Amino acid sequence: AYTISARGFNSPESSNKLLVLVDGRSVYSPLASSVFWENVDVPLADVARIEVVSGPGGTLYGANAVNGVINIVTKDAGQTQGALVDATAGTTDNKIMARYGFAPWQGGSLRVYGQVSHANNTTRQLAVDPARTAWARNQGGFRLDQKYGAADSFTLQGDIYANSTPAMEIEKGRGFNVTGRWNHVFASGSTIELQVYRDENTRILPGLAREQLDTSAIQMQHNTSLGWNDVFTWGAEFRRSKESFYSETVFAFANPTSNVDVANLFFQDEFRLLDDVKLTTGIKIENSSFSNVDFMPDARLAWEASDTDLIWFSVSRAVRTPSK
């Protein structure tokens, strides 16, 4: 079990203010306002970059981006052509991943992969400790990128996985996700992107509880310029999460199933006051099932003091969606 946080203490309870995305798909769980990292595994060879936003990012990213944002971006299928076998062996982690990329038709690139991993038991603090924490995971997936001329591109990608603690029946998990994304470049150089995704996963604690989370979302973002050496971004999103938590113990909810709807509209303008000074202003208006309408404004001034130093100041408001 991992917890990752920013700007504060690191524990399952305090790491609930960092939004995590994989190719724009939120993996933030509404059960505990956290990320169950055992359900997030992106093959390192497929990662193009990992974007880390320091401080509140609610204007662009919405609720839960209070202390920061991590966005894991994977490579275009055209960048991963041919065969690859990646194996790791050691006292802690063992993994083998096989991937194959090819061009099935003109303008199209496809990659498929599968991986099997196993994390060994952690060292016991006491010899009498009976816990066996070994973790096993099987995962596979694909990504298809299709280009239509110079202006349009389409991406369809997905993953499926199953994991467990094989030595002891402590936890099991399974799930899948599918994402579709269309991007268009206008003659002026501005771009528009439309993305939809579906994400389903189940966590099972044998004899204790079962959690089922189903999320569907549609997002739109338009990047353009207002004509004063700026980058103006606006967009909208609607996301619905259906979360069910069924307990087999005395710890139970009167209503085990809840729906969380989130709809938002955002605007942001980024322009340079000087060659090395940039001002960013924006606001997101978001409505959720829990907190109704929230306003998340942001003003940020950044100075590129040198090639390796950036000094920034910001005034922001960010919110976190309440959880069970």
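Relevant structure appears above.
These remarks concern the structure in this document. Note that this is a predicted model, so its numbers are computed, not measured. (Residues numbered from 1 in each chain as written. Predicted model: local features only at pLDDT ≥ 70, side-chain atom pairs only at ≥ 80, totals over all residues. Heavy atoms only, no water.)

### Details of the overall build of the protein
For clarity, the cut-off: A run of H or I in DSSP becomes a helix once it reaches four residues, and a run of E becomes a strand once it reaches two; helices and strands are each numbered from the N terminus. For this measure, only C-alpha atoms enter the radius of gyration; the expected value for a globule follows 2.2 Å times N^0.38, where N is the number of residues. Whether a residue is buried, partly exposed or exposed follows from its accessible area with a 1.4 Å probe, protein chains only, as a fraction of its type maximum: under 20%, in between, or over 50%, in that order. Should any heavy atoms of two residues lie within 4.5 Å, those residues are considered in contact. Accessible surface is estimated by sampling points in the Shrake-Rupley manner with a 1.4 Å probe; for residues, cover comes only from the protein chains shown.
Along the protein, the regular secondary structure elements total one helix and 17 strands. Taken over the C-alpha trace, the protein has a radius of gyration of 21 Å; the compact-globule value for 324 residues is 20 Å, and the two agree within 12%. Looking at the protein as a whole, 40% of its 324 residues are labelled buried. Sequence-distant contacts, at least 24 apart, represent 51% of the contacts inside the protein between residues at least 6 apart. With the model as given, the accessible surface of the protein reaches about 17300 Å², and the carbon-plus-sulfur share is 59%.

### What about the sheet that holds strand β3 (residues 47–54)?
Spelled out, the test is: When DSSP locates at least two bridges between a pair of strands, those strands are taken to pair.
Spatially, four strands are ordered β2-β1-β4-β3 in an open sheet, and the strand pairing comes out mixed. Where the open sheet ends on each side, the last strands, each with one partner, are β2 (25–26) and β3. Pairing analysis gives two bridges linking strand β1 (residues 18–22) to β2, with the strands arranged antiparallel. Across the sheet, the residue bridging to Val22 is Arg25, located in β2.

### Comments concerning the pairing of strand β6 (residues 93–102)
For strand β5 (residues 82–88) and β6, the ladder comprises seven bridges, and the chain directions are antiparallel. Opposite Leu84, over in β6, you have Arg99 as the bridge partner. Adjacent in sequence and paired antiparallel, β5 and β6 are bridged by four residues. Of the pairings in the sheet, the one linking β6 to strand β7 (residues 108–119) comprises 10 bridges and is antiparallel in character. Looking at the pairing, Lys95 lines up with Ser117 of β7. Counting the residues between successive antiparallel strands, the hairpin from β6 to β7 contains five residues, one of them, Gly107, with a positive phi of roughly 85°.

### Regarding the environment of Gln146
Threshold: The definition of a polar contact used here is a pair of N or O atoms within 3.5 Å, where within protein one atom must be able to donate a hydrogen and the other to accept one, and adjacent residues in sequence count solely through side-chain atom pairs.
Following the sequence through the fold, Gln146 ends up in strand β8 (residues 135–148). Considered as a pair, Gln146 and Leu156 are 10 residues apart in the sequence and their alpha carbons are 8.7 Å apart. A distance of 2.4 Å separates a polar atom in the side chain of Gln146 from a polar atom in the side chain of Trp105.

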